[in-house]
Amino acid sequence: MLRSVILLAIGIISGHFALAQLPAVSAGTITRLEHFNSKFVTARNIDIWLPEGYSNQKPLAVLYMHDGQMLFDSTKTWNHKAWEVDDAISQLKIEGKIKDVMVVGIWNDPATRHADYFPQKPFETLTQIEKDTLTARLQMAGRSKEGFQPVSDKYLKFLVTELKPFIDSNYNTAKTPEHTFIAGSSMGGLISLYAICEYPNVFGGAACLRTHWPGDWSPVNNPAPDAFLNYLKKHLPVSGIHKIYFDCGDQNLDALYPVIQKKADKIMKDGGYTKRNWITRYFPGEGHSEDAWRKRLHIPFTFLLKKTTK
C-alpha cells in the first residue's frame, strides 16, 4: 500500500523537465521563458498564459502556479493528464465570474522539487533525530539521495525577487497583493500556503489543493504535520485581507489528508477566518490526480479571483 502511494506521488506530481514542447491551449495564448535563470534555484521553464483579447491597456491580476508543465495540455504531459487551466479560466471569464487574470506556470525541476516545495522554517524546528527520520523516509521514496535539506526559502526568493519583478516589468499587471495569487496541489499546495505566510505583502490569496501535510508518505511517527501546523498558528496572515483555499479527497494519497486538514481548519477559525476569506472543501471518493483537480478548479478560481463590482 505504502509503495503504491509513493509511486503515485512520484509519478503523478513531478512531471518531466525534459518535456519541452510548447503546450496547445484552447483559449488565449501561451509563451515560454526557456530555462529561466535564478541565483536561488535551478533554471526552469516558465509558461505564461494570457487570456483571450489581452492588450497592454488593461492591468491583469496574476496567478502564479507550481508544477507548470502539468497545467495546460494533457497531450504534452508524462501521464496524459493536465489541469486544463486555460479552459477553466476562460469559461469563468465568459460567465462574468472572475477578474481578468494571467497565469504564470512555474515548471518544477524533478530533481529538486521536494526540497523546493517543503516549507523550510517548520523543518528547522525539528530535532536532529526527527530530521534524520524524515530524511530516511524520503531516501526510501527516492526523493533524497543524501541528507534532506529544504530550500523553499530560496525558492520563494526566486518567485518574489526574480520572477515577479520580471513579469511585472514585461506585462501590464496589477501589482498589489489583492491582485496577486499563488496556487498548487499536493507539495505545490504546501508551498503555496508557505508562500502566503512568508510573503503576505506580496500574495493576497493562495489555493492549496490537496495540501500534502505529511511531507512524506506515512502518518506513523511523522513529525512534519505538527511542525507545519505549529508554523501556521504563528504565521497565518491577518484575516480579512487574505484569501486561502484548501481541499482534499479521501482516496489513495488523499487518504492521508483529512485528519490533518481538520486541525488546520481549526487554526483558520481560531485565526478569525470566515467563509468570506477561507474555504475548505472535502470531496469523498476523490483521489490524487490532475483529473480530480481539473473537475473542481472553478471553485478555487472563483473564490480567489471573484469579480468585484464598484
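Everything below is about the structure printed above this text.
Q: Account for the layout of surface pockets, with residues named and values stated.
A: Its boundaries defined by the atoms lining it, the largest pocket holds a volume of some 700 Å³. Looking at the largest pocket, it is lined by 26 residues, and the ones nearest its centre are Lys99, Glu178, Lys243, Lys306 and Thr308. Per element, the largest residue contribution to the lining of the largest pocket is four residues, and it comes from helix 11 (residues 298-305). Its residues assigned to classes, the lining of the largest pocket shows nine nonpolar, seven polar and 10 charged.

Q: Explain the sheet that holds strand 1 (residues 29-36) to me, and be specific about the residues and the numbers.
A: Spatially, eight strands are ordered 1-2-4-3-5-6-7-8 in an open sheet, and the strand pairing comes out mixed. If you trace the sheet from one side to the other, it starts and ends with strand 1 and strand 8 (278-282), each paired once. Across the sheet, the axes of successive neighbouring strands diverge by a mean angle of 15°, strand direction being ignored. For strand 3 (residues 61-65) and strand 4 (residues 101-106), the ladder comprises five bridges, and the chain directions are parallel. Bridge pairing in strand 4 links Val62 to Met102.

Q: Can you tell me about the nonpolar core, naming the residues and giving the values?
A: In terms of nonpolar packing, the biggest core is built from 62 residues, with Leu163 and Trp213 touching the most fellow members. A total of eight residues in this core trace back to one element, the largest contributor, which is helix 7 (residues 187-198). The contact partners of Trp213, leaving out residues within four places of it in the chain, are Leu190, Leu193, Ala224, Pro225, Phe228, Leu229, Leu232, Phe246, Tyr257, Ile260, Gln261 and Ala264. Within the second largest apolar cluster, 30 residues are counted, among which are Ala61, Met70, Phe72 and Ala88.

Q: Tell me about helix 2 (residues 85-94), and please be specific about residues and values.
A: Taken together, the buried positions of helix 2 are occupied by Val85, Asp86, Ala88, Ile89, Ser90 and Leu92. At the C-terminal side of helix 2, Gly96 shows a positive phi close to 75°.

Q: Residues and numbers for unusual backbone geometry, please.
A: The backbone of His35 shows a phi angle near 50°, a positive value even though the residue is not glycine. Among the structural elements, His35 can be located in strand 1.

Q: Got a sec to walk through empty space enclosed by the protein? Specific residues and values, please.
A: The final tally for this structure, using the stated rule, is three cavities of 30 Å³ or more. By volume, the largest cavity is sized at about 90 Å³. Around the largest cavity, the lining comprises 13 residues; the ones closest to its centre are Pro23, Arg32, Gln69, Lys76 and Trp107. For the lining of the largest cavity, the per-class residue count stands at five nonpolar, four polar and four charged. Volume-wise, the second largest cavity comes out at about 60 Å³. Lining the second largest cavity are Pro119, Pro122, Leu190, Leu193, Tyr194, Trp213, Phe228, Tyr231 and Leu232. Taken together, the elements giving at least two residues each to the lining of the second largest cavity come down to helix 7 and helix 8 (224-235). For the lining of the second largest cavity, a count of residues per class yields nine nonpolar, no polar and no charged.

Q: Describe the packing of helix 6 (residues 152-170) against helix 7, listing the residues and the values that go with them.
A: For the pair helix 6 and helix 7, interaxial distance at closest approach is 11 Å and the crossing angle is 70°. Taken as axis vectors, helix 6 and helix 7 run roughly perpendicular relative to one another. Within the contact between the two elements, helix 6 uses Ser152, Asp153, Tyr155 and Leu156 and helix 7 uses Ile191, Tyr194, Ala195 and Glu198. Looking at the contact of helix 6 with helix 7 residue by residue, the class counts come to five nonpolar, one polar and two charged.

Q: Talk me through the pattern of salt bridges; I want residue IDs and the actual numbers.
A: Under the defined criterion, the tally for this structure stands at 17 salt bridges. With a closest N to O distance of 2.9 Å, Glu198 and Lys121 form a salt bridge. Of this pair, Glu198 sits in helix 7 while Lys121 sits in helix 4 (residues 120-124); the two residues are 77 residues apart in sequence, bridging distant segments of the chain. Residue Lys121 is classed as partly exposed on the basis of its relative accessible area, which comes to 32%. Members of the salt-bridge network, linked through shared partners, are Lys58, Lys93 and Asp100.

Q: Explain helix 7 residue by residue, including any values.
A: One turn of the α-helix equals 3.6 residues, which is why residues spaced by three or four share an orientation. Here helix 7 contains 12 residues, and its C-alpha end-to-end distance of 16 Å stays within 8% of the 16 Å for a straight helix at 1.5 Å per residue. Burial within helix 7 is extensive, with 11 of its 12 residues counted as buried.

Q: I'd like to hear about the side chain of Thr173, residue by residue, with values.
A: Relative to the elements of secondary structure, Thr173 occurs in the loop between helix 6 and strand 5 (180-185). Look at Thr173 and you get buried, because its relative accessible area is 4%. A polar contact is formed between the side chain of Thr173 and the side chain of Asp168, at a distance of 2.6 Å. The contacts of Thr173, once residues within four sequence positions are left out, are Pro59, Leu60, Val62, Met102, Ile167 and Asp168.

Cut-offs and rules
Residues numbered from 1 in each chain as written. Predicted model: local features only at pLDDT ≥ 70, side-chain atom pairs only at ≥ 80, totals over all residues. Heavy atoms only, no water. 1 Å grid on protein atoms, 1.4 Å probe; cavity = no way out; pocket = protein on both sides within 12 Å on 5 of 7 lines; lining within 4 Å. Points joined across faces, edges and corners; volume = space filled by probe spheres on them. Helix = DSSP H or I, 4+ residues; strand = E, 2+ residues; numbered from the N terminus. Nonpolar A, V, L, I, M, F, W, Y, C, P; charged D, E, K, R; others polar. Pairing = 2+ DSSP bridges. Axes fitted to C-alpha atoms, helices over the stretch in contact; angles between N-to-C directions. Core = buried A, V, L, I, M, F, W, Y, C linked by side-chain atoms within 4.5 Å. Buried < 20%, exposed > 50% of the residue type's maximum accessible area, 1.4 Å probe, protein only. Contact = heavy atoms within 4.5 Å. Parallel < 35°, antiparallel > 145°, perpendicular 65-115°, else oblique. Salt bridge = Lys/Arg side-chain N within 4 Å of Asp/Glu carboxyl O. Expected span 1.5 Å × (residues − 1). Polar contact = N/O pair within 3.5 Å; in protein donor to acceptor, adjacent residues only side chain to side chain.

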